[in-house]
Amino acid sequence: MTLIKEKEDRIAISGYARDLARALREVAVAGDIGRMRRHVEAALEAGLVDRDSHGMHPVVRGLDTALTLCRNVAPDRNMVVATLLSRIVGTELTVDRIRQEWGDDIAGLVEGLTRVASLYGKGNTVFTENFRNLLLTFARDLRVIIIMIVDRLALMTAINHHPDHDFVRGVARESAMLYAPLAHRLGLYGMKSKLEDMALKYTLRDTYTMIARKLNATKVARDAYIADFIAPVKQRLEKEGLKFDIKGRTKSIASIYNKMKKQGTDLDRIYDLFAIRVIIDTPPEREKTDCWTAYSIVTDMYQPNPSRMKDWISVPKSNGYESLHITVMGPAGRWVEVQIRTRRMDMVAERGLAAHWKYKGLKAENNLDAWMNNVRDILEAAKDGEQSDMMRELRMDVYDNEVFVFTPKGDLYRLPLGASLLDFAFAIHSRLGCICTGGKVNGKNERLSYRLRSGDTVEVMTSPQQTPKQDWLSIVVTSKARNKIRQTLNERAGREAELGKELLARRFKNRKIDVEEAVLMKVIKKLGFKTVTDFYSEIQAERLDPSSVIERYLELAAPQEAAERISAEEFTLQNQDADSDRGPGNDVLVIGDNVKGISYRLSKCCNPIYGDEVFGFVASDGAVKIHRDDCPNAMHLRQRYPYRVIAVRWSGKLGALLGVSLRIVGRDDIGIVTNITSLIGKEKNVVLRSIAIDSHDGLFQGQLTVGVPDNATLQSLIKKIKTVKGVKDVERSK
């Protein structure tokens, strides 16, 4: 059996070699055919080339692809040689030897084809958009992509009767999803249609056969039908004196099937099985007139379908596309689509905003589309024989700013150039990135900072004890990784700060110290901390002793009591004056700087000042605390302990400046805080003790503590702050 296969292979190789020699007759250099034959024979004699697992012989495939290239693109010497040698490189033939014998250009093509071949076997990633991009990155040369498309066309033809149906369907799916779109973007429309037709045939054979049978015409017959349709139209257009090109086409079976599927109908209801395009040469001022003239001629000769008429000349598409589309009943009762446009409109449609692949609805990327469009322009403008030289100068660098990396399972990820192994871990999943410790790249252990290269296969290593570090931010380049690392670090710092805050609060409570936030903020600032979070985190990490913090606090804390504490039984009551608003006959505690022998404290919960309506409350330690009437705790104290509430009034000036908290809301404008603090600084008998600002979404909220002697001074200050530009509201905190 082996001998039979070897004999079949040698016969096939011999036949292909003769045909290839004839195809290369005009472009081959003396000795090319002989040298290629010697390389192939050496590999065969050494037994280094054999059929693959699907029964395909690499040399036969190489020769078949080379011939297909000559027949469908051009008999280019370097492309043909590279196509054949790439099938046996790695046997007795190396890339270095190819470079020595055949030159850098052919060696570069072989390297590109070898790199691309290495991508297969990575899993099912060939069906993804990223794989196509990786393919372009690895190819590096436009000619490599063209050889790949041609090779796929040759393979699709060769497997027509292959016994492995799963293999055939897999190749067909790749062709439809990867190679046909690439051929379309390069303007290789003939190969694109053949690939799509054969893909449909191999995946949905019954559907393909049904459509082919219903068409009931060979390609020659359909072409003849189009010729019969065009002939009288051409005569009438010439009679009108129009200068034009007219060409027709029959839609491919795959295109017809796609229309049936999209429209949800059968073949009999597909209107445009045949398509004609009339391109008129006319000056800009006569474009519409000549297009409508051609329209009148066509619709006068053939019955139009009004529901299928599209006027994109009067009202062009948003992407700039201009054309008249009509569907008419041609000979033998067949519907034919006719497109009428000028040369300028056709140029816009083919190369402008409405490039062919875009208005057909194919997914596109701006940089790739621009590059591909440029390629088509160059190839179409080149003279015969110059295309291969121009293609040699084109580089596949549209994805040079990206890398494409595989997982061990074959999934493909797209990352920016310079991405690290850690970026890759975060790209897979944020949780995976947070516990990543390193990885294996192509089987070799690598650190988190390893910079990825296209084609790498990366396995991420993890540990449940791993957590993000601050220095990770210098390793990653992707915003996803950077944001997640920052978020995790901030969350950790927040948790540590909360624990530190609780620890410090317990220490203050153990020493029976009521903490005043303004004083504590001064302590934090004097200790050199930029944020409160950093301060509490240091306490939690035991790098800052809470006892030392408390000592600094006590040093800065100012006395808040107006006089020395005495018991409630010892304070002196005075009768209320006749003009008092507390009512005659009630005992009233009179407070002020001219009252002697009275002991009281001003409560911190509402910070009363001279002029506020106040009342007194005898605390459990015997001290009398003075509260504002509108204190948040007033109702609770009066309802639950009415027997401990006493009347209080002011007598004379208190003298000392008392602390009051103000809440300010305004626009987060530059200089607004400076304006407020400047205003307070100019006020007599007013001192700014502390300020805390928080801004969000263009607004800021400020919490100010000021020292004022009385309520009248406070109300005057509030009115003045409200006049500052940008301030929306000022109120006294309760």
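### Overview of the overall build of the chain
1) Next: In terms of helices and strands, the chain carries 27 helices and 21 strands.
2) Next: Across the 734 residues of the chain, 45% fall into the buried class.
3) Next: In the chain, 68% of the contacts between residues at least 6 apart in sequence involve partners at least 24 apart.
4) Next: Accessible surface, the chain: about 38300 Å² in total, of which carbon and sulfur atoms supply 49%.

### Description of helix α11 (residues 205-215)
1) Next: The set of residues buried in α11 consists of Tyr 208, Ile 211 and Leu 215. For α11, the angular spread of the buried residues around the axis is 70°, confining them to a single face. Away from the buried face of α11 by more than 90 degrees, exposed residues Asp 206 and Arg 213 are located.

### Comments concerning the sheet that holds strand β11 (residues 458-462)
1) Next: Overall, antiparallel pairing links the 3 strands, which are arranged β10-β9-β11 in an open sheet. Both edges of this open sheet fall to β10 (444-446) and β11, since each of them pairs with a single strand only. Neighbour to neighbour, the strand axes of the sheet diverge by 30° on average, direction disregarded.
2) Next: Packed on one face of the sheet, helix α19 (residues 421-428) meets β9 (436-441), β10 and β11 and runs near 105° to β9.

### Regarding the side chain of Asp 290
1) Next: Inspection of the secondary structure puts Asp 290 in helix α14 (residues 287-301).
2) Next: Residue class for Asp 290 comes out buried when judged on its relative accessible area of 5%.
3) Next: Asp 290 has contacts with Leu 242, Ile 280 and Thr 282, leaving out every residue within four places of it along the chain.

### Some remarks on helix α2 (residues 32-45)
1) Next: The end-to-end C-alpha separation of α2 is 20 Å, in line with the 20 Å expected for 14 residues at 1.5 Å each.
2) Next: Buried within α2 we find Asp 32, Met 36, His 39, Val 40, Ala 43 and Leu 44. End-on view of α2: buried residues confined to an arc of 130°, all on one side of the axis. Set apart from the buried face of α2 by more than 90 degrees, the exposed residues are Arg 38 and Glu 45.

### Observations concerning the nonpolar core
1) Next: Leu 20, Leu 85, Ile 88, Ile 98, Ile 149, Met 156 and Ile 159 are the most contacted members of the largest nonpolar core, which has 60 residues in total.
2) Next: If you tally residues by element for this core, the top one is helix α8 (residues 142-158), at 11 residues.
3) Next: Not counting chain neighbours up to four residues away, the residues in contact with Ile 159 comprise Met 56, Phe 167, Val 168, Val 171 and Tyr 202.
4) Next: Listed in part, the 37 residues of the second largest apolar core include Leu 237, Ile 253, Ile 280 and Met 345.

### Looking at the sheet that holds strand β18 (residues 658-667)
1) Next: One open sheet accounts for 4 strands, arranged β19-β20-β18-β21; its pairing is antiparallel. Both edges of this open sheet fall to β19 (687-696) and β21 (727-732), since each of them pairs with a single strand only. Neighbour to neighbour, the strand axes of the sheet diverge by 20° on average, direction disregarded.
2) Next: Inspection of the sheet shows β19 paired to strand β20 (residues 699-708) by 9 bridges, in the antiparallel sense. Along β20, the bridge assignment pairs Ile 693 with Gly 702.

### Observations concerning the packing of α19 against helix α21 (residues 479-510)
1) Next: Where α19 contacts α21, the axes come no closer than 9 Å and their chain directions differ by 85°. By the criterion of interaxial angle, the relationship of α19 to α21 is roughly perpendicular. Every residue of α21 that contacts α19 at Leu 422, Asp 423, Phe 426 and Ala 427 is listed here: Lys 480, Ala 481, Lys 484 and Ile 485.
2) Next: For the contact of α19 with α21, the per-class residue count stands at 5 nonpolar, no polar and 3 charged.

### Focus: the side chain of Ser 252
1) Next: Looking at where Ser 252 falls in the secondary structure, it is placed in the loop between β1 (243-250) and α13 (253-263).
2) Next: According to the relative accessible area criterion, Ser 252 is buried, its value standing at 13%.
3) Next: A distance of 3.2 Å separates the side chain of Ser 252 from the backbone nitrogen of Ser 255, its partner in a polar contact.
4) Next: Excluding anything up to four places from it in sequence, Ser 252 contacts Ser 193 and Asp 197.

### Side note on the confidence of the model for the chain
1) Next: In this model, the chain carries an average pLDDT of 78, and 79% of its residues clear a pLDDT of 70 or more.
2) Next: Low pLDDT, under 50, characterises residues 351-369; the stretch is placed with 50 contacts to residues that sit more than four places away or in other chains.
3) Next: A low-confidence stretch, residues 558-585 stays under pLDDT 50, and its non-local contacts, those more than four residues away or across chains, total 46 contacts.

### Focus on the pairing of strand β8 (residues 412-416)
A regular strand carries its side chains on alternate faces of the sheet.
1) Next: Two elements, strand β7 (residues 402-406) and β8, share 5 bridges in a ladder whose sense is antiparallel. Counterpart to Phe 406 in the pairing with β8 is Leu 412.
2) Next: Between the antiparallel neighbours β7 and β8 lie 5 residues, among them Gly 410 with a positive phi of about 100°.

### Observations regarding a positive patch on the surface
1) Next: The grouping of Lys 522, Lys 525, Lys 526 and Arg 689 at the surface amounts to a positive patch.
2) Next: No other element matches helix α22 (residues 517-526), which puts 3 residues into the positive patch.
3) Next: Relative to the elements of secondary structure, Lys 525 occurs in helix α22.
4) Next: Accessibility expressed as a relative area gives 68% for Lys 525, which makes it exposed.

### A word on the packing of aromatic side chains
1) Next: Going through the model one piece at a time under the given rule, you end up with 8 aromatic pairs.
2) Next: Summarising the aromatic geometry, the rings of Phe 229 and Tyr 302 are spaced 4.3 Å apart at their centres and angled 10° between planes, so their arrangement reads as stacked. On the criterion of sequence distance, the pair formed by Phe 229 in helix α12 (residues 219-239) and Tyr 302 in the loop between α14 and β3 (303-304) is long-range, its members being 73 residues apart.
3) Next: On the numbers, 5.1 Å between centres and 80° between planes, the contact of Trp 292 with Tyr 295 is edge-to-face. With a gap of 3 residues between them, Trp 292 and Tyr 295 both fall in helix α14, about one helical turn apart.
4) Next: Residue class for Tyr 295 comes out buried when judged on its relative accessible area of 19%.
5) Next: For Arg 638, the ring lying beneath its charged end belongs to Phe 615, and the centroid distance is 4.2 Å.

### Some words on unusual backbone geometry
1) Next: Backbone geometry places Ala 332, a non-glycine residue, at a positive phi of 65°.
2) Next: Tracing the sequence through the fold places Ala 332 in the loop between β5 (324-329) and β6 (335-342).
3) Next: Residue Ala 332 is classed as exposed on the basis of its relative accessible area of 74%.
4) Next: Positive phi, close to 55°, is recorded for Asn 442, a residue that is not glycine.
5) Next: The topology assignment puts Asn 442 in the loop between β9 and β10.

How each quantity is defined
Residues numbered from 1 in each chain as written. Predicted model: local features only at pLDDT ≥ 70, side-chain atom pairs only at ≥ 80, totals over all residues. Heavy atoms only, no water. Helix = DSSP H or I, 4+ residues; strand = E, 2+ residues; numbered from the N terminus. Buried < 20%, exposed > 50% of the residue type's maximum accessible area, 1.4 Å probe, protein only. Contact = heavy atoms within 4.5 Å. Areas by Shrake-Rupley, 256 points an atom, 1.4 Å probe, with all protein chains shown as cover. Arc of directions from axis to C-beta. Pairing = 2+ DSSP bridges. Axes fitted to C-alpha atoms, helices over the stretch in contact; angles between N-to-C directions. Expected span 1.5 Å × (residues − 1). Core = buried A, V, L, I, M, F, W, Y, C linked by side-chain atoms within 4.5 Å. Parallel < 35°, antiparallel > 145°, perpendicular 65-115°, else oblique. Nonpolar A, V, L, I, M, F, W, Y, C, P; charged D, E, K, R; others polar. Polar contact = N/O pair within 3.5 Å; in protein donor to acceptor, adjacent residues only side chain to side chain. pLDDT = per-residue confidence, 0-100. Patch = residues over 30% accessible without salt bridge, like charges linked within 9 Å, V, L, I, M, F, W, Y side chains within 5 Å. Salt bridge = Lys/Arg side-chain N within 4 Å of Asp/Glu carboxyl O. Lys, Arg positive; Asp, Glu negative; His and termini not counted. Charge placed at Lys NZ, Arg CZ, Asp CG, Glu CD. Phe/Tyr/Trp six-rings, centres within 6.5 Å; stacked < 30°, edge-to-face > 60°. Lys NZ or Arg CZ within 6 Å of the ring centre and 35° of its normal.

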